[in-house]
Amino acid sequence: MRVRGWLTRGRRVRTTAVATLVAGAASLAVALPAAPAAAGAAKAGDPVCEIRDERLNELSGMVTTDDGYVVVNDGADDEARRRIFFLDKNCAVARTVSYPTRPRDTEDLAVGRDGTLWVADIGDNDRNRETIALWRLAPGADRPVLHRMTYPDNPHDAEALLIDASGRPLIITKGGSGTVVLYAPTTALKPGATTPLASVGKVVLPSTTTSNPYSFLGRSVVTGAASAPDGRRVVLRSYADAFEYDVAGDDLVGALTGGTPRITPLPDEPQGESITYSRDGRSLLTVSESADQPAGSRPTILRYPATVAPAAHPAESTTAAPPSPAAASPAAQTAGIGGGQVWSLAAGAGTLLALLAVAGLLWRRHTDRR
């Protein structure tokens, strides 16, 4: 999704909605004393390859294959970009697959365990779509099949898709206040039918201080998701960070709603909306949109080390060494991000230090809003 539209259109047309978004994001910013202090020193990802095809300037979804990568753009304004693009390992376009009808706003990609490719046509900047859709491309097929869905409450903007072990899709809303909602179909998807969705849980993102172009707003939304090849880990990303959860017994929803993620900072990516795992599961791969970047900018796939679940060492449980930015486990952050949390921290850490921290954060929030 173009952030330009996300920010400016809302101020012009939906002032009340954006005020709510900023208020929620401000709550997230005020809770920042609980975030890992080392996030500001995060290392940028290592370049893998540069995508030079001019059609691929608004990349919103990516998965890896044995031969390279599959990517999609968001939006549908330009017919030449309304394709599923298959790239080789050097990021060159090897082939494309067209949609039989025009998609609305393709935002993510996912691959089922049977090799089926799913394209998430779920973007809704203005929150006015009556239905959203998934395009299903079976292995070896050259034509994706459309499946429509509808929310049970009201339209939502969403940019992330996961497929569970049974092949059931899971839509993750973009959010805006640090809390996102999970939706899943109530019945099996059928071509030519509209399947109702149901809310199956919520995820509260841990607060961080990772630098990104959109300040605290960029840290409070979900712009992509992916599952590890073995299905034992899943990752959500914001414009600033990747949050990895362990999946036990194929319970994807339980992992997201009840797990404590490990954080990998993705500092200062221009407009990071895509994330996937490498084929061996050892790395996280990301790519940003380049449409609104300086002339000559090209999207580049970046590699970050995937986090590993810490081993259980009871004897070391009382050590005071801080966690590394790439493997932090902020259990205290997942309980909530409201102002009460800040004052609870103040009571434990000392009133003077808390007041200084809050004053600094309020100043930062003020400058971020200008």
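Conventions we followed
- Residues numbered from 1 in each chain as written.
- Predicted model: local features only at pLDDT ≥ 70, side-chain atom pairs only at ≥ 80, totals over all residues.
- Heavy atoms only, no water.
- Core = buried A, V, L, I, M, F, W, Y, C linked by side-chain atoms within 4.5 Å.
- Buried < 20%, exposed > 50% of the residue type's maximum accessible area, 1.4 Å probe, protein only.
- Helix = DSSP H or I, 4+ residues; strand = E, 2+ residues; numbered from the N terminus.
- Contact = heavy atoms within 4.5 Å.
- Salt bridge = Lys/Arg side-chain N within 4 Å of Asp/Glu carboxyl O.
- Pairing = 2+ DSSP bridges.
- Axes fitted to C-alpha atoms, helices over the stretch in contact; angles between N-to-C directions.
- Disulfide = S-S within 2.5 Å.

Here we take up the nonpolar core. Membership of the largest hydrophobic core comes to 21 residues, with the highest contact counts inside it found for Leu162, Leu170, Ile172, Val203, Leu236, Tyr245 and Leu256. A per-element tally of this core places helix α4 (residues 252-258) first, with four residues. Beyond its immediate chain neighbours, meaning those up to four positions away, Leu236 contacts Leu162, Ile172, Val203, Val222, Gly224, Ala225, Asp241, Ala242, Phe243, Tyr245 and Leu256. Within the second largest apolar cluster, 16 residues are counted, among which are Ile122, Ala158, Ile171 and Leu189.

This paragraph deals with the pattern of salt bridges. Pairing is possible between side chains of opposite charge, provided their charged atoms come close. Throughout the structure, instances matching the rule amount to 15 salt bridges. Here Lys43 ties to Asp46 by a salt bridge, and the two come within 2.9 Å at their closest N and O atoms. The closest approach of N and O atoms between Arg55 and Asp53, which form a salt bridge, is 2.9 Å. Exposure remark for Arg55: the relative accessible area of 28% places this residue in the partly exposed category.

This paragraph deals with the pairing of strand β13 (residues 194-204). Relative to β13, strand β9 (residues 145-150) runs parallel, the two sharing three bridges. Within β13, the residue paired with Thr150 across the bridge is Pro196. Alignment of strand β12 (residues 179-185) against β13, held across seven bridges, turns out to be antiparallel. Its bridge partner lying in β13, Ala184 is registered against Ala198.

This next bit is on the sheet that holds strand β5 (residues 93-98). Strand order in the open sheet formed by four strands is β2-β3-β4-β5, and the pairing between neighbours is antiparallel. The strands lining the two open edges of the sheet, one partner per strand, are β2 (59-64) and β5. Each adjacent strand pair in this sheet contributes to an overall mean axis angle of 25 degrees, direction not counted. One ladder, built from five bridges, connects strand β4 (residues 83-88) with β5; its direction is antiparallel. Its bridge partner lying in β5, Phe86 is registered against Arg95.

To continue, consider the state of the cysteines. Evaluation of the coordinates by the stated rule reveals one disulfide. The disulfide partner of Cys49 is Cys91, and the gap between their sulfur atoms is 1.9 Å. The S-S bond linking Cys49 to Cys91 shows a torsion near 45 degrees; that makes this disulfide right-handed. Residue Cys49 is located in strand β1 (residues 46-50), and its partner Cys91 is located in the loop between β4 and β5; the two are separated by 42 residues in the primary sequence. Residue classification places Cys49 among the buried residues on the basis of a relative accessible area of 10%. Residue Cys91 is classed as buried on the basis of its relative accessible area, which comes to 2%.

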